[in-house]
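For reference, the chains in residue letters:
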Amino acid sequence: MKIKDIREKTAEELNAQLRDLKNELFRLRFQHAINQLDNPHKIVETRKSIAKVLTVLREKELAQTENGSEA
């Protein structure tokens, strides 16, 4: 998942994507626990994607408060 693509989304879309990524991470961890996960690196990729989404959400939140305090 590219950071450029993430930054183009709205906060609502990012929250929905975050929810989906967290569900996927849960599913991957469960599969890993019962030894059915073929590629354990998917867990790392999913965690990084969650971090990217959270970072962009925080950037948007800071930008909004910065713009709001100037008015």
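Residues numbered from 1 in each chain as written. Predicted model: local features only at pLDDT ≥ 70, side-chain atom pairs only at ≥ 80, totals over all residues. Heavy atoms only, no water.

Caption draft 1: Quick peek at the side chain of Ser-49. Here Ser-49 lies in helix H3 (residues 41–70). Apart from residues no more than four positions distant in its own chain, Ser-49 is found in contact with Met-1 and Leu-21. (Helix = DSSP H or I, 4+ residues; strand = E, 2+ residues; numbered from the N terminus. Contact = heavy atoms within 4.5 Å.)

Caption draft 2: Region of the structure containing the nonpolar core. Grouped together as the largest cluster of nonpolar side chains are 12 residues: Ile-6, Leu-14, Leu-18, Leu-21, Leu-25, Leu-28, Leu-37, Ile-43, Ile-50, Val-53, Val-56 and Leu-57. Of all the secondary-structure elements, those providing two or more residues to this core are helix H2 (11–33) and H3. Discounting residues that sit within four places of it in the chain, Val-56 has contacts with Ile-3, Ile-6, Arg-7 and Leu-14. (Core = buried A, V, L, I, M, F, W, Y, C linked by side-chain atoms within 4.5 Å. Buried < 20%, exposed > 50% of the residue type's maximum accessible area, 1.4 Å probe, protein only.)

Caption draft 3: Local environment of the pattern of salt bridges. Counted by the stated rule, this structure contains three salt bridges. Among the salt bridges present, the one from Glu-24 reaches Lys-42, with a minimum N-O distance of 4.0 Å. Residue Glu-24 is found in helix H2, and its partner Lys-42 is found in helix H3; the two are separated by 18 residues along the sequence. With a shortest N-O distance of 2.7 Å, Glu-61 and Arg-58 are connected by a salt bridge. (Salt bridge = Lys/Arg side-chain N within 4 Å of Asp/Glu carboxyl O.)

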